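What the coordinates show
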Amino acid sequence: MARKKFLMGNWKMNHTIAEAIRFCEDVKNDSLLKIARSKGVLLGVAPSFLSLQQVKRHAHGLIVASQDCHYEDHGAYTSSVSVPMLNEIGINWSIIGHSERRTYDNDTSFVCNRKIKTLVKNGFHVVYCVGETLKEYEEGLTKDIVKEQILVGLMNVSKEDISKIVIAYEPVWSIGTGKNASSEIAEDVCSYIRSLIEKLYGKVAASKILILYGGSVKPNNIHEYLLQENVDGALVGGASLKSESFKELLENI
Ligand code: 13P
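What comes next is a walk through the structure. A quick note: this is a predicted structure, and the numbers were derived from the prediction, not measured.

Now for the packing of aromatic side chains. Per the counting criterion, the structure on display carries 6 aromatic pairs. Ring plane angle 55 degrees and centroid distance 5.3 Å describe the contact between Phe23 and Phe246, whose orientation is recorded as tilted. A residue pair is termed long-range when its members are at least 10 positions apart, and Phe23 in helix H1 (residues 17-29) and Phe246 in helix H12 (residues 243-251) qualify at 223 residues. Judged by its relative accessible area of 0%, Phe246 falls in the buried class. When the ring centre of Tyr71 is taken as origin, the NZ or CZ atom of Arg114, which lies over that ring, is 3.9 Å away.

Printed below as a string of structure tokens:
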């Protein structure tokens, strides 16, 4: 069975609540979900924690994900947000392991693993981000890095729960730089990720899991990524912020 396509916008630290609501209204007025359905595309956004509740309320069917969460349910972790807190406001998707969190907040693959296990235990879907730095890329270490991130990040995630995971390959050197990886690189690494999933979880799980590419995806280049056999969608930062551009991304899939 053909896999669905998935377009997710990661808004990072952008959009006030008012701006986020306006985006949702534009999505509704432009019938983006209707377009997405007709193309077999899942559509989602990941707003700031502060906007989640309002975006969920105005989402009109969009998948709404948090950009992170804590692995503990509660406790002395100033500024953190737990899975039960997200659950309470109707959120059941979360991005984990984004390179900005790995870089600035020391989210190692081990920390990501704890978060992923808490999330799937609570019935959440996870977009787990992996990818190498420029130095690692130049040293030819891409697959070693991605392998460590997958093996550690998914440690003790069961065969049943792997169906709740989406993997996003985001080479760090391509994020927000305009230097997008070629579609050949994206396909090479995404097919490698699928082969890792096959080794860990078997053929059926590997054939079903969605694997996204992220890093300087724009309306004018999204199509070439989505043409690749093992690229099932895109995780988009900058180009997902304006509803017009989000619409163009969708139209060009
Ligand atoms: P850009 O699309 O702005 O390069 O960001 C990619 C990204 O980090 C999505 O998570």
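Moving on to the site of the ligand. Close to the ligand lie 13 residues, the nearest being Lys12, His98, Gly176, Ser216 and Gly238. Here an oxygen atom of the ligand and a backbone polar atom of Gly238 are 2.9 Å apart. Protein burial of the ligand: of its 310 Å² of free accessible surface, 97% is covered by the chains. The residue inventory of the shell around the ligand, partitioned by class, reads 3 nonpolar, 8 polar and 2 charged.

A few words on the packing of helix H2 (residues 32-39) against H12. The interhelical angle for the contact between H2 and H12, taken along N-to-C directions, is 15 degrees, at an axis separation of 10 Å. Comparing their axes, H12 and H2 come out roughly parallel. Seen along the crossing, H2 lies across H12 with a hand that is left-handed. Two secondary-structure elements touch here, H2 through Leu32, Ile35, Ala36 and Lys39 and H12 through Phe246, Lys247, Leu250 and Glu251. Grouping the constituent residues of the contact of H2 with H12 by class yields 5 nonpolar, no polar and 3 charged.

Conventions and cut-offs
- Residues numbered from 1 in each chain as written.
- Predicted model: local features only at pLDDT ≥ 70, side-chain atom pairs only at ≥ 80, totals over all residues.
- Heavy atoms only, no water.
- Phe/Tyr/Trp six-rings, centres within 6.5 Å; stacked < 30°, edge-to-face > 60°.
- Helix = DSSP H or I, 4+ residues; strand = E, 2+ residues; numbered from the N terminus.
- Buried < 20%, exposed > 50% of the residue type's maximum accessible area, 1.4 Å probe, protein only.
- Lys NZ or Arg CZ within 6 Å of the ring centre and 35° of its normal.
- Near = heavy atom within 4 Å.
- Polar contact = N/O pair within 3.5 Å; in protein donor to acceptor, adjacent residues only side chain to side chain.
- Areas by Shrake-Rupley, 256 points an atom, 1.4 Å probe, with all protein chains shown as cover.
- Nonpolar A, V, L, I, M, F, W, Y, C, P; charged D, E, K, R; others polar.
- Axes fitted to C-alpha atoms, helices over the stretch in contact; angles between N-to-C directions.
- Parallel < 35°, antiparallel > 145°, perpendicular 65-115°, else oblique.
- Left-handed = near helix turned anticlockwise from the far one by under 90°.
- Contact = heavy atoms within 4.5 Å.

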